[in-house]
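Spelled out, the chains give:
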Amino acid sequence: MIVAVAWAMMALCVQPPATGDAARMPTAAQDAPAKPESPEGGSGPSVAEVAALERLSPEHPEGYLLAAEDVADAAVGAEGEEARRLRALAQRLYVLAFELDRVKGRPGAVAASAVVGLADPVLEPVASRRTWLLAIAGGISAQYAAADWNLAAEGVPSDEVAYRAATLLGRLRAGEGRDARKMMEDPQVAAVLRRYERAIGTTGMTGALTRLDRYMQNWPCKECRNDRFVLRVSDRGAEVRLCPTCRGNPGPVLSEEELIGQLRFEDSLLSGIHDSWAAQTTVDQAAPLRDPDPEAVAPAYGVDAREAWYRKGKWVARP
Ligand SMILES: [Zn+2]
């Protein structure tokens, strides 16, 4: 807490005086690579910050996590060069917490929290990278797992189940809501649709299952029970007429976009939706950008996790 306050104050103190835009322009001296490593003034770390960093020890990954959270908080209140420096430092500390905790015999709670911290929009503006980071966190800790990543661990749908899921959509489009509901009672079919829900629509958003559920409730046609015609008694006796509700064509009226989305999804189902992550990114419209591979985190942030000690203004591989 003291560290947080100290660093937050430091973040405020190092701002150049607001004497106009010229005062905020980065100078050549500020741009010099040695400057950020300097413990004195400028946009370098404060004495308190250096002391806190030097106290960190790889045996205690949680220390790196707490420090990362403090620095990330300070970065929110900072501007310009100082904000960039604090963001980079927060990222490094989160990556180190992640790597140091990601070893045998540890529950991985710190690693999961660290990778969630990295996914903070303040530190990671790219949405697809945030998705990727959260997927990694989900792989470590069920607490952070989104529904689809949870299901990814349950195994792949068999061809038979995929076929039944595709058939369900076809029955639903034909207005056979009762058939579809019955098929949905199969937990495996329901699981496939839940798992790939985002692939059913065309926008990569959830909500497709809610729409399917509504179609199941609304069909068959309430008026003709899908007979497509109704009997009307008039002066001339009983007459057969086209059903005025479904106009002889039972089933939900889908937009072209939704129809294409469903057909494409059925095609993916029938040709092996689970084959690879590449297939998955296609059906998910590239929502998860890449494999949730924990090994890729440190390289993605350009951090050498062996350099876990902060000494004399540098990150080094031994104390
Ligand atoms: Zn009808």
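Note that this is a predicted model, so its numbers are computed, not measured.

Rules of the game
- Numbering of residues starts from 1 in each chain and follows the order in which that chain's sequence is written.
- Two thresholds apply to this predicted model, a pLDDT of at least 70 for residue-level local features and 80 or more for giving and counting side-chain atom pairs, whereas whole-chain, interface and lining totals are computed over all residues.
- Think of pLDDT as the predictor's per-residue confidence, scored from 0 to 100.
- Counting from the N terminus, the helices are the DSSP runs of H or I reaching at least four residues and the strands are the DSSP runs of E reaching at least two.
- Two residues qualify as a contact pair if the distance between their C-beta atoms, derived from the backbone, is within 7 Å.
- The exposure label follows from counting other C-beta atoms within 10 Å of a residue's C-beta, where the C-beta atoms are placed from the backbone and the thresholds are 20 or more for buried and 12 or fewer for exposed, leaving partly exposed in between.
- Between any two strands, at least two bridges found by DSSP are needed for them to pair.

**Quick look at the confidence of the model for the chain**
Mean pLDDT over the chain works out to 77, with 72% of the residues at or above the 70 mark. Predicted confidence in the chain is weakest over helix H2 (residues 21–24), with a mean pLDDT of 34, and strongest over strand E3 (residues 309–311), with 96. Below pLDDT 50 for its whole length, residues 1–41 participates in 54 contacts with residues either more than four positions away or in separate chains.

**With respect to unusual backbone geometry**
Along the chain, Trp-219 connects to Pro-220 via a cis peptide bond; the corresponding omega equals 10 degrees. The residue Pro-220 is located in the loop between helix H14 (208–218) and strand E1 (229–234) in this model. The phi dihedral of Arg-225 falls on the positive side, at around 50 degrees, and the residue is not glycine. As for its placement among the helices and strands, Arg-225 is situated in the loop between H14 and E1. Residue Arg-225 is classed as partly exposed on the basis of its C-beta count, with 14 C-beta atoms lying within 10 Å. Residue Asn-226 is not a glycine yet carries a positive backbone phi of 70 degrees. Relative to the elements of secondary structure, Asn-226 occurs in the loop between H14 and E1.

**Considering the pairing of E1**
Burial within E1 is sparse, with just 0 of its 6 residues counted as buried. Pairing of E1 with strand E2 (residues 237–242), which is carried by 6 bridges, proceeds in the antiparallel orientation. Residue pairing across strands places Phe-229 opposite Leu-242, the latter belonging to E2. Linkage of E1 to E2, two consecutive antiparallel strands, is achieved through a turn of 2 residues.

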